[in-house]
Amino acid sequence: MPTYRAPVEESLFLINDVFHIDRYANLPGFADLSPDIIEATLAEAAKLCEQVIAPLNRVGDMEGCTRHDDASVTTPTGFKEAFRQLTEGGWMGISAPVEYGGQALPGVIGNIVNEFLASANLAFWMYVGLTQGAVDALIIHGSAEQKATYLPAMIAGKWTGTMNLTEPQCGTDLGMVRTKAVKQADGSYRISGTKIFTSSGEHDMAENIIHLVLARIEGAPAGTRGLSLFVVPKFILEAGGALGPRNQVSCGSIEHKMGIHGNCTCVMNFDDAAGWIVGGENHGLKAMFTMMNHSRLGVGIHGMAISEVAYQNAAAYSKERLQGRSLTGPKFPDKPADPIIVHPDVRRSLMTIRALTEGARALIVWTGLKHDIAKGSDDPAVREQAEDHLALMTPVIKGYCTDGGFTNAVLAQQMYGGHGYIAENGMEQFVRDARINQIYEGANGVQAMDLVGRKIGLDGGRPVKTFFAEVEAYLAGAAKDEGLSSYAKPMQEALRHLQQATGWLAKNGPANHDDPGAGACDYMHLFGLVAFGFMWCRMVEAARAKLPQAAGDAAQRLNAKLVTGRFYMERMLPETAMRLARIQSGSASTMALPADAF
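Residues numbered from 1 in each chain as written. Predicted model: local features only at pLDDT ≥ 70, side-chain atom pairs only at ≥ 80, totals over all residues. Heavy atoms only, no water.

Colleague: Can you break down the pattern of salt bridges residue by residue, with the values?
Modeller: Between side chains of opposite charge, a pair can form as their charged atoms come close. The final tally for this structure, using the stated rule, is 27 salt bridges. Across the pair Arg84 and Glu81 runs a salt bridge, and its minimum N-O distance is 2.3 Å. Residue Arg84 and its partner Glu81 are both found in helix α4 (residues 79-88); the two are separated by three residues, about one turn of the helix. What makes Arg84 partly exposed here is its relative accessible area of 35%. Taking relative accessible area as the criterion, Glu81 reaches 38% and is therefore assigned partly exposed. Of the charged contacts in the structure, one is a salt bridge between Arg84 and Glu88, with a shortest N-O distance of 2.6 Å. Here Glu88 and Arg84 lie together in helix α4, a separation of four residues that amounts to about one turn. (Salt bridge = Lys/Arg side-chain N within 4 Å of Asp/Glu carboxyl O. Helix = DSSP H or I, 4+ residues; strand = E, 2+ residues; numbered from the N terminus. Buried < 20%, exposed > 50% of the residue type's maximum accessible area, 1.4 Å probe, protein only.)

Colleague: Summarise helix α1 (residues 8-18); cite the residues concerned and give the values.
Modeller: Counting buried residues along α1, eight of its 11 residues qualify, which places the element largely inside the surrounding structure. Within the sequence span of α1, burial applies to Val8, Glu10, Ser11, Leu12, Phe13, Leu14, Ile15 and Val18. Looking at the buried side of α1, the elements it contacts are α2 (35-53), α5 (107-120), α9 (344-376), α15 (514-546) and α16 (552-572). In the segment just after α1, His20 is the residue with positive phi, at about 50°. (Contact = heavy atoms within 4.5 Å.)

Colleague: For the packing of α5 against helix α6 (residues 122-141), give the residues involved together with the corresponding values.
Modeller: As a packed pair, α5 and α6 sit with axes 6 Å apart at the nearest point and diverge in direction by 145°. Between α5 and α6 lies a crossing whose hand is left-handed. Contact with α5, carried on its side by Asn114, Leu117, Ala118 and Ala120, involves Leu122, Trp125 and Gln132 of α6 and no other residues of that element. When its residues are assigned to classes, the contact of α5 with α6 shows five nonpolar, two polar and no charged. (Axes fitted to C-alpha atoms, helices over the stretch in contact; angles between N-to-C directions. Left-handed = near helix turned anticlockwise from the far one by under 90°. Nonpolar A, V, L, I, M, F, W, Y, C, P; charged D, E, K, R; others polar.)

Colleague: Please provide a residue-by-residue account of the side chain of His203, values included.
Modeller: Position of His203 relative to the elements: it lies in the loop between β5 (189-199) and β6 (208-217). Within the structure, His203 has its side chain in polar contact with the side chain of Thr160 (distance 2.9 Å). One polar contact links the side chain of His203 to the main-chain amide nitrogen of Met205, over a distance of 3.1 Å. Setting aside chain neighbours within four positions, we find His203 in contact with Val73, Thr75, Tyr127, Thr160, Ile209 and Lys234. (Polar contact = N/O pair within 3.5 Å; in protein donor to acceptor, adjacent residues only side chain to side chain.)

Colleague: Residue-level account of the packing of α4 against α6, with values.
Modeller: The geometry of α4 relative to α6 is characterised by a closest axis approach of 11 Å and an angle of 45° between their N-to-C directions. Judged on the interaxial angle alone, α6 and α4 are oblique. In this structure, α4 meets α6 at a crossing whose hand is right-handed. Residues Phe79, Ala82, Phe83 and Leu86 of α4 pack against Phe124, Tyr127 and Val128 of α6. (Parallel < 35°, antiparallel > 145°, perpendicular 65-115°, else oblique.)

Colleague: Run through unusual backbone geometry, naming residues and quoting values.
Modeller: A positive phi is found at Phe197, a non-glycine position, where the angle reads about 60°. Tracing the chain through its elements places Phe197 in strand β5. The exposure class assigned to Phe197 is exposed, which follows from its relative accessible area of 53%. A positive phi angle, near 60°, is found at Glu441, a position not held by glycine. Within the secondary structure layout, Glu441 lies in the loop between α11 (427-435) and α12 (444-455). Using a relative accessible area of 16% as the deciding quantity, one classes Glu441 as buried.

Colleague: Can you tell me about the side chain of Thr160, naming the residues and giving the values?
Modeller: Structurally, Thr160 is set in strand β3 (residues 159-164). With relative accessibility at 2%, the residue Thr160 sits in the buried group.

Colleague: Please give an account of the packing of aromatic side chains that cites residues and values.
Modeller: Considering all chains together, one arrives at 13 aromatic pairs under this definition. Here the aromatic rings of Tyr24 and Phe30 are separated by 6.2 Å at their centres, their planes lie at 50°, and the arrangement is tilted. The class of Phe30 is buried, set by a relative accessible area of 4%. Taken together, the ring pairs in this structure connect Trp366, Phe467, Phe468, Tyr474, Tyr523, Phe527 and Phe534 into an aromatic cluster. Above the plane of the ring of Phe235 lies Arg246, whose end atom (NZ or CZ) is 5.7 Å from the centre. (Phe/Tyr/Trp six-rings, centres within 6.5 Å; stacked < 30°, edge-to-face > 60°. Lys NZ or Arg CZ within 6 Å of the ring centre and 35° of its normal.)

Colleague: Lay out the pairing of β6 with the relevant residues and their values.
Modeller: Extensive coverage of β6 is indicated by the burial of 10 of its 10 residues. Judged by which residues are buried, β6 turns out to be covered on both faces: Asn208, Ile210, Leu212, Leu214 and Arg216 on one side and Ile209, His211, Val213, Ala215 and Ile217 on the other are all buried. Two strands pair when backbone bridges link them, and β3 and β6 are joined in this way by six bridges, in the parallel orientation. Residue pairing for β6: Met163 is matched across the bridge by Leu212. Of the pairings in the sheet, the one linking strand β4 (residues 180-183) to β6 comprises two bridges and is parallel in character. (Pairing = 2+ DSSP bridges.)

Colleague: Account for the nonpolar core, naming residues and giving values.
Modeller: Core analysis: the biggest nonpolar cluster contains 193 residues, and Ile109, Phe467, Tyr523, Phe527 and Tyr568 have the highest contact counts within it. Among the elements that take part in this core, α15 stands out by supplying 17 residues, more than any other. In this structure Ile109 touches Ile15, Ile21, Leu33, Ile38, Thr41, Leu42 and Ile94, once residues within four positions along its chain are discounted. (Core = buried A, V, L, I, M, F, W, Y, C linked by side-chain atoms within 4.5 Å.)

Colleague: Pulling in residues and values, what's your account of the environment of Leu475?
Modeller: Secondary-structure assignment places Leu475 in helix α13 (residues 462-478). Put simply, Leu475 and Arg538 are 63 residues apart on the chain and 10 Å apart in space, counted from C-alpha to C-alpha. For Leu475, the contacting residues outside a window of four places in its chain are Ala488, Met491, Gln492, Leu495 and Cys537.

Colleague: Quick rundown of α15? Include the residues and the values.
Modeller: The end-to-end C-alpha separation of α15 is 49 Å, in line with the 48 Å expected for 33 residues at 1.5 Å each. Bending of α15 peaks at approximately 50° at the position of Ala520. Taken across its 33 residues, α15 has 25 buried, putting it largely inside the fold. (Expected span 1.5 Å × (residues − 1). Bend = angle between axes of the 7 residues up to and from the residue.)

Colleague: Explain the state of the cysteines residue by residue, including any values.
Modeller: According to the stated counting rule, one finds zero disulfides in the structure shown. In this model Cys266 remains outside any disulfide bridge; the closest cysteine sulfur is found in Cys264, 3.2 Å from its own. For Cys266, a relative accessible area of 0% puts it in the buried group. For the unlinked cysteine Cys537, the closest cysteine sulfur is that of Cys401, found at 17 Å. (Disulfide = S-S within 2.5 Å.)

As structure tokens, then:
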């Protein structure tokens, strides 16, 4: 069975040495965040994930969730008790406001904890993550009464939350939503319709489930302009907040899925269910996107988290599995064969996983800090720059990190050979679980189109121009540093490739919209390669600064950073040239065949 060790040291290196969290003491939640508090928080999260939640990952995969005749659902053995320990520890509300019972720690710390949870058990973590997303949506768009009614119990974990968007006939195109809302004399609404793919839609771990449901009020405009968001609780609340009668919302069935079996993904039926509007009539999409953007960054974390746990197990196996001899002569002559870690192709695979995982973690931590700045800075210009970063990087993190996460899970499985295909070793579960990350919360092709079609032209291209300028300025300084120049030089070429691709799309896209459509996926990967490269430069810089004072395991970790960064620059970053060539080839061959030729 796979094992997991939370990468506490890696996370501390990023927040303390690469991104210098102590410089953000002016932001809410940061002033009292000493290094000791951060380390203790992450150590406790690691203990919970390693000892309680990770051992349930295979249990959840094997047992799945069970729907009963009364439409109730039982979660896998151990999930309910683990959820109780998680909520009693305050982890559900780690970054939620104090006035509603949260701990108000910065979001960047919450993201790191969420990585640990997702690595330990992705299906379990989703019960937590969906609730956190619903909390965010209500904090921003809910009325004062809704916040007071729902948030304390959700943040405490007594109640959980869901997001109900998708219907059988509509997924990405939410303008096709048919779920109907009829206004009542008391100001409430009656919600009728069917939603599918609702993660955590029904379970036995919380007293109540608060569904956020996208629906169309009778007479509302067609398309997305006519959508509204409603809070539809499983149990209607009585005066004073006590649970009242069961609402007319139920789990019609559990989806039978490729992976994440421990999470109850439901078909939800709303049969004249009582609901209350969130954020005003016909403003539902704006409110729902708050939750979706939270989820998209969360799904990017999922991709990196699966990559991390898959790597840990593949690396350990490669040091134990004996097979063949080293190409340069036996390295363990006293054994019948060498461990496979001696083989260059095994090293290539492991280094690829490691370089992408660590680059992804750095980009996610950096973006988490930007999110905290956007929420908490009192300087409008600083907030604007942080919001630009979030707009630009959200599709990159969701798309590139999850594509890489799946690829890395497959590479890790390959290290086991035939044993990786056998369920008891756990690697095939990582592959199956990782696959959903490329699909939900907006399939990765949609993320690529969002990046190309909206984000690089946002506000006259201000976000992308700001990013280019920041990277250029950094590389100009790094090129003058003898120890960093070997990393900066390939990055300068990669940045030019990204700038050329951006210019090509800006020039050719208006004349033929199929050109950016055909090149969108390659552009997203090109952007991700450059963003990760920038992160690697900053990690190498921090590692070099710390090395003179380091010894033992700490020195070994820092030296590994330098080597992994060099591998990324030499073996992975050159892919930018290929991506640029694909983009500049245009859409002619992609679109040439008539539809009936497929």
